[in-house]
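Listed below, chain by chain, are the residues.
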Amino acid sequence: MDESTKQYKNGIAAAVGLSAALAFLYSSVLFKLGYDWWNDENYSHGLLVPFVIALIVWREWDAFKSVAKKPAILLGVSAIASAVLLLLVGTLGAELFTSRISFVLMIAGLVLYIFGARVLNILVVPFALLLLAIPIPQIIFNRIAFPLQIWASQMAVWGMRLFEVPTLRKGNVIDILPNGSTQTVSLEVVEACSGIRSLMTLVTLGLILGYFTRRYENGGLANLAKADLLRCGLLMLLAVPIAVLTNAARVMGTGILTYHYGKQAVDGTWHDVSGWLVYVAALALLIGANLLLKKLIRGREIAETKAFGPADGAAPRMPILPVILAMLIGGIAVNWFVTRSEAEPSRRPLNELARSLGDWDQRGNEIRFDPGVESVLRTSDYTMREYMLPSGRIGNIYVGYYSSQRTGATYHSPQNCLPGAGWVMKQPQVVEIPLPDGRSFLANKYIVQNGIYNEVMIYWYQGRGRFEASEYTDKINTIWDSVTRRRTDGCIVRVMTSAGTDEVSGTAAAVDLSARLAETLPEFIPE
């Protein structure tokens, strides 16, 4: 067997070994990511991203062969070690985003270790596409979605009034009185109609469109000339207003049809068809923007050159076996933590929560969500009910308990849920909740408004003997307790009461109900 054939076979064996070790290490992460791509319309474009990446790698194959290979050993090993650590942290803390970012960092580390920074530079666009296909954390998603909801609502109302459609906007909810009707119809501009659902897809398409319509390649970042790189960035930025504008037009059209034809315009075929029309219109605008930018941004006409010049000799061959062994050991550790049984402390079900909490007495029966909401919350146990003081003040409580957070089922912060339902959250503060035994803890306090409702809301995270206002601190504690105590159970507790015209008394009442509830919970939320 000649030397070249031997090297070829060794290379194939190394590639197969690395691929198998990578699949073993990230099997659970990739399975859940594929599941989300299939079921989450916000990231369904992720199903096509691997094929686009394969096409880019094929197109850049000559550049890969010509570039000088200089393995970045220290950077590569550091990136690989950091990726394994992030994977462990994400697995133990039930933070899917951290685990998925770990996958991207691991691949980058392998490229650095085997080939070096110059090859990684050529792969900037594939890595960017992979990052754009990873669902961002819900709290960040909400900070993007809520402003888009408001902008879409404002533009839709402005457009409907041009067609003399009487409307009333309350946050991201638009009330319309259909012609000849006496009952208003509410259009809620949720994420699906705010631009966020098409936003991530359009940003990804902007990058793909800019890359595949490039004029030059000269060894710059991502093997793109400055003019093409600038155009890619501008297309990705333009995807934001395009997504909002097209979706605002969709809401406006729905509102006009609702005014003339009633509620069936909201629930009928139009709603589904308009979703596809939005994508088509947005894509057409993006293509038009790309053609315009190509005319406006002209780079220096140069002959096509190979990235970074010719390779100077054979690339050093880095030892692959230690990396494969490290990934297999990491995979064993991660899978052990995933499959390791958790401690199951005894607790009472939340439906046995006391009907009296100090001076507060329960009003009516326990409130239950519809099955659709329950499937989103994914709680192991929950209760929501109303309590009333002798003065007539009403307080609403919600306790959502999770027996384990390792599978991805975890708390839904009010900062994520309430804005999507039309609530505006104002005046964030941290308040102290005193307990009867002399202890106290800190909780979040907001004034939340929705139409005529003006409420004081207090919420915190409780479990395993801890009370936390910060969900980030709670995540860190969850990771620690998962390792040291084999427990990731816990709950989110939310208390609301009317602020009315006297916010001070409303806050005092909310703090009192919170203290009474927290005192009772240890039987239901084990310490």
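Because the structure is predicted, anything quoted here is derived from the model rather than measured.

A. Structural context of the overall build of the protein chain. A count of helices and strands for the protein chain gives 18 helices and 12 strands. Classification of the 527 residues of the protein chain by burial places 49% in the buried group. Considering only intrachain contacts with a sequence separation of at least 6, the fraction spanning at least 24 residues in the protein chain is 71%.

B. Geometry of unusual backbone geometry. The backbone of glutamine 427 shows a phi angle near 50°, a positive value even though the residue is not glycine. Summarising the element assignment, glutamine 427 is placed in strand E8 (residues 424–434). For arginine 464, which is not glycine, the phi dihedral falls at a positive 55°. Mapped onto the elements, arginine 464 comes out in the loop between strand E10 (453–463) and strand E11 (466–468). On the basis of relative accessible area, arginine 464 is assigned to the buried category, the value being 3%.

C. Broad picture of helix H5 (residues 73–92). Here H5 is 20 residues long and its end C-alpha atoms lie 29 Å apart, about the 28 Å a rise of 1.5 Å per residue gives. Buried within H5 are the following residues: Gly76, Ala79, Ile80, Ala83, Val84, Leu87, Gly90, Thr91 and Leu92.

D. Quick look at the packing of aromatic side chains. Under the criterion given, the structure shown has nine aromatic pairs. For the pair tyrosine 26 and phenylalanine 103, a centre-to-centre distance of 5.3 Å together with 70° between the ring planes defines the contact as edge-to-face. Here tyrosine 26, found in the loop between helix H1 (3–25) and helix H2 (27–39), pairs with phenylalanine 103, found in helix H6 (residues 96–114); they are 77 residues apart in sequence, far enough to count as distant. Like tyrosine 26, the residue phenylalanine 103 is buried in the burial classification. An angle of 55° between the planes, with centres 5.1 Å apart, marks the rings of phenylalanine 441 and tryptophan 460 as tilted. With phenylalanine 441 in strand E9 (residues 440–450) and tryptophan 460 in strand E10, this pair connects stretches of sequence that are 19 residues apart. By relative accessible area, which is 0% here, tryptophan 460 ends up buried. The cationic tip of arginine 347 hangs over the ring face of tyrosine 401; the distance from NZ or CZ to the ring centre is 4.1 Å. Directly above the ring of tyrosine 382 sits arginine 368, whose terminal nitrogen or CZ lies 3.9 Å from the centroid.

E. Focus on the pattern of salt bridges. Inspection of the entire model under this criterion finds 17 salt bridges. Residues aspartate 437 and arginine 439 are paired through a salt bridge, measuring 2.9 Å at the closest nitrogen-oxygen approach. Among the ionic pairs, aspartate 481 bridges to arginine 464, the shortest N-O distance being 2.6 Å. Here aspartate 481, found in helix H17 (residues 471–485), pairs with arginine 464, found in the loop between E10 and E11; they are 17 residues apart in sequence, far enough to count as distant. Each of Arg464, Arg466, Asp481 and Arg485 takes part in a single network of salt bridges with overlapping partners.

F. Molecular detail of the side chain of arginine 385. Tracing the chain through its elements places arginine 385 in strand E6 (residues 381–388). Here arginine 385 falls in the buried class, since its relative accessible area comes to 2%. A distance of 3.0 Å separates a polar atom in the side chain of arginine 385 from the backbone oxygen of leucine 353. Every residue in contact with arginine 385, bar those within four places of it in the chain, is listed here: Leu350, Asn351, Leu353, Ala354, Gln362, Glu366, Ile367, Gly395, Asn396 and Ile397.

G. The arrangement of the pairing of E10 in detail. Taken across its 11 residues, E10 has nine buried, putting it largely inside the fold. Hairpin geometry of E9 and E10 is characterised by an intervening segment of two residues between the two adjacent antiparallel strands and by a positive phi of about 65° at glycine 451. Relative to strand E12 (residues 490–498), E10 runs antiparallel, the two sharing eight bridges. Bridge pairing in E12 places isoleucine 458 opposite valine 495. The pairing of E10 with E11 spans three bridges and is classified as antiparallel. Across the sheet, residue glycine 463 finds its bridge partner in E11, namely arginine 466.

Conventions and cut-offs
- Residues numbered from 1 in each chain as written.
- Predicted model: local features only at pLDDT ≥ 70, side-chain atom pairs only at ≥ 80, totals over all residues.
- Heavy atoms only, no water.
- Helix = DSSP H or I, 4+ residues; strand = E, 2+ residues; numbered from the N terminus.
- Buried < 20%, exposed > 50% of the residue type's maximum accessible area, 1.4 Å probe, protein only.
- Contact = heavy atoms within 4.5 Å.
- Expected span 1.5 Å × (residues − 1).
- Phe/Tyr/Trp six-rings, centres within 6.5 Å; stacked < 30°, edge-to-face > 60°.
- Lys NZ or Arg CZ within 6 Å of the ring centre and 35° of its normal.
- Salt bridge = Lys/Arg side-chain N within 4 Å of Asp/Glu carboxyl O.
- Polar contact = N/O pair within 3.5 Å; in protein donor to acceptor, adjacent residues only side chain to side chain.
- Pairing = 2+ DSSP bridges.

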